[in-house]
Amino acid sequence: MEQRDLHELITTFETQFGTIPTDMFFSPGRVNLIGEHTDYNGGHVLPITLMLGTYGVARRRDDRLVRLYSANFPDLGMLSFAIDDFNKMPTHSWADYVKGVLKALTELGYHLETGFDLAIDGDIPIASGLSSSASLELLIGVVVQKLFDLKIPRLQLVMAGHQAENDFVGVKTGLMDQFSVGFGAPNTAIFLDTNTLGYRLVPVILRDFELIVMNTNKPRSLVTSKYNERVAETQAALQALQTKLSINSLGDIDMATFTANQALIKDPTLVKRARHAVSENQRTITAVRELAQGDLIEFGALLNQSQASLRDDYEVTGLELDTLVTAAQEFPGVLGARMTGAGFGGYALALIPKKRRAQFEQQVGARYYEVLGYDASFYDVEIGPGAQWIGPVKTH
Ligand code: GAF
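These numbers come from a predicted model, not from an experiment. (Residues numbered from 1 in each chain as written. Predicted model: local features only at pLDDT ≥ 70, side-chain atom pairs only at ≥ 80, totals over all residues.)

## What to know about the site of the ligand
- Taken together, Asn32, Glu36, His37, Asp39, Tyr40, Thr173, Gly174, Met176, Asp177, Gly341 and Ala342 make up all the residues around the ligand.
- Residues belonging to the shell around the ligand are distributed by class as follows: three nonpolar, five polar and three charged. (Near = placed C-beta within 6 Å. Nonpolar A, V, L, I, M, F, W, Y, C, P; charged D, E, K, R; others polar.)

As structure tokens, this is what we get:
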């Protein structure tokens, strides 16, 4: 990542704040390969971090002011507040995420003596499913860590981001997004057990295939309420199982145990929700094994099974995602495709033959347009690093 990439952002910083930034930062967005809606059920997830993300340039101040500027929201202009002012902004804005992280870090015992100036510019679509918010939260974490020379363990930065997310957005999300943005590494996926927070990096070697990410371009609505509904449903199913089984989460049981005990759950909808959480967790564990062994055909088949389960049992797909994923799955040579993220619109991914990238986009795009009447977007996937300090801003 060269400094010249951030030349424009550095100039923006100078224009807005009348001074030169000292340091440059990057924090990625994420895509989950498999393990969807398992992270709040004590299951496994397998996300990757993208080369797309949020860039920041910053400088420590001598007083207690925090001043922010986002090139993505130029109309908001400069936002400012005192470093220890944790009240939400009068009009909700991205600054609340910053406040949320600062508040969480303060509660963890990290007291910042002064404020800072920060200008950011992101290249992931906002609120679309690639976790622009976790990207921002972890960016703030690494900015604070560097500017104030604090030794904050990575997991605490992840937890601070997660707390900010839950406070600000009001969604009881799992830890996947912040964890992957915090611990991501080039060319690897993060295999995380959300029960223990143990994780390992799994090399993503796809030989003649590549991953492609597809945006339905459906404005996401009701995600918060629908997401919270799924959280409540799986918790209710867990409680029913706990009347007989001694378990802490749905991630504690395999499919055989679930099938033998599912009659304890009286509501058929809750049976479906729990079946997804249990089966998806098993698929994720198997998928990591297949990926490690280089069995991409089996890995792709698991992506397809995940999609079916998210569509039929968890009911978080919808016309847009179903159309896009089915068109992708039907394209010759594709090994697998599925929605990724929370669902209800947003993104999908597919494992496609490298040589057929252009035809894939043309054919799948045409099918999507035919059904929905507007375009889907397609992005190449390059797996990059987690949130980090890029380096100092050199002055000439
Ligand atoms: C959203 C949440 F933020 C994650 O924690 C995860 O639950 C995901 O939806 C679904 O797998 O991104």
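## Structural notes on the nonpolar core
- Counting 96 residues, the largest nonpolar core has Met214, Leu324, Ala328, Ala348 and Ala350 as the members making the most contacts within it.
- Per-element accounting of this core gives the leading share, nine residues, to helix 3 (residues 132-147).
- Summarising the domain contributions, this core has at least three residues from each of domain 1 (3-201 + 384-392) and domain 2 (206-380).
- When sequence neighbours within four positions are dropped, the list of residues in contact with Leu324 reads Met214, Thr216, Ala348, Val364, Tyr368 and Ala376.
- Core analysis: the second largest hydrophobic core is formed by 11 residues, Leu238, Ile253, Leu270 and Ala274 among them. (Core = buried A, V, L, I, M, F, W, Y, C linked by C-beta atoms within 7 Å. Buried ≥ 20, exposed ≤ 12 C-beta atoms within 10 Å, placed from the backbone. Helix = DSSP H or I, 4+ residues; strand = E, 2+ residues; numbered from the N terminus. Domains from an automatic or database assignment. Contact = placed C-beta atoms within 7 Å.)

## Points about the sheet that holds strand 2 (residues 44-45)
- Spatial strand order, 2-7-8: three strands in an open sheet with antiparallel pairing. Taken across any chain shown, the strands that pair with only one partner, and hence form the sheet edges, are strand 2 and strand 8 (199-203).
- Both strand 2 and strand 7 (residues 188-193) contribute to a ladder of two bridges, which runs antiparallel. Each residue of the ladder has a partner; that of His44, found in strand 7, is Asp193. (Pairing = 2+ DSSP bridges.)

## Focus on helix 2 (residues 95-107)
- With 13 residues, helix 2 should reach 18 Å at 1.5 Å per residue; the first-to-last C-alpha distance of 18 Å fits that figure.
- Summarising burial for helix 2: 11 of the 13 residues are buried, a large majority.
- Within the sequence span of helix 2, burial applies to Ala95, Asp96, Tyr97, Val98, Lys99, Gly100, Val101, Leu102, Lys103, Ala104 and Leu105.
- Elements in contact with the buried residues of helix 2: strand 4 (65-70), strand 5 (79-82), helix 3 and helix 4 (154-169). (Expected span 1.5 Å × (residues − 1).)

## A short note on helix 8 (residues 268-293)
- Across its 26 residues, helix 8 extends 37 Å between first and last C-alpha, which sits within 8% of the 38 Å expected from 1.5 Å per residue.
- Gly294, located one to two residues past helix 8, shows a positive phi value of around 80°.

## As for the pairing of strand 10 (residues 336-340)
- Of all five residues in strand 10, five are buried; the element is thus mostly enclosed.
- In this structure, strand 10 lies alongside strand 11 (residues 347-353), joined through five bridges in antiparallel fashion. Along strand 11, the bridge assignment pairs Arg338 with Leu349.
- In this antiparallel pair of consecutive strands, strand 10 and strand 11, the connection spans six residues, and Gly341 shows a positive phi of 95°.

## Topic: the UniProt feature "site: Transition state stabilizer" (unreviewed entry) in the protein
- Under the UniProt annotation, the feature "site: Transition state stabilizer" (unreviewed entry) is placed at Arg30.
- Ignoring any residue separated from it by four or fewer positions in sequence, one finds Arg30 in contact with Pro47, Ile48, Thr49, Leu50, Leu130, Ser131, Ala134, Asp177, Ser180, Val181 and Gly184. (UniProt positions renumbered as here; feature names shortened; annotations may be inferred.)

## Some thoughts on the pairing of strand 9 (residues 209-215)
- Burial of strand 9 is extensive: five of the seven residues sit out of reach of the surface.
- Relative to strand 11, strand 9 is paired through seven bridges, and the arrangement is antiparallel. Its bridge partner being in strand 11, Met214 is matched across the sheet by Ala348.
- Note that strand 9 and strand 12 (residues 377-380) share four bridges and pair antiparallel. Looking at strand 12, one finds that Asn215 is bridged to Ser377.

## Let's talk about the domain arrangement of the protein
- Looking at the assigned domains, one finds that the protein contains domain 1 (3-201 + 384-392) and domain 2 (206-380).
- Here the C-alpha centroids of domain 1 and domain 2 sit 27 Å apart.
- Contact with domain 1, which involves 25 residues of that partner, is made by 35 residues of domain 2.
- Secondary structure elements with two or more residues in the side of domain 1 that touches domain 2: strand 1 (23-32) and strand 2.

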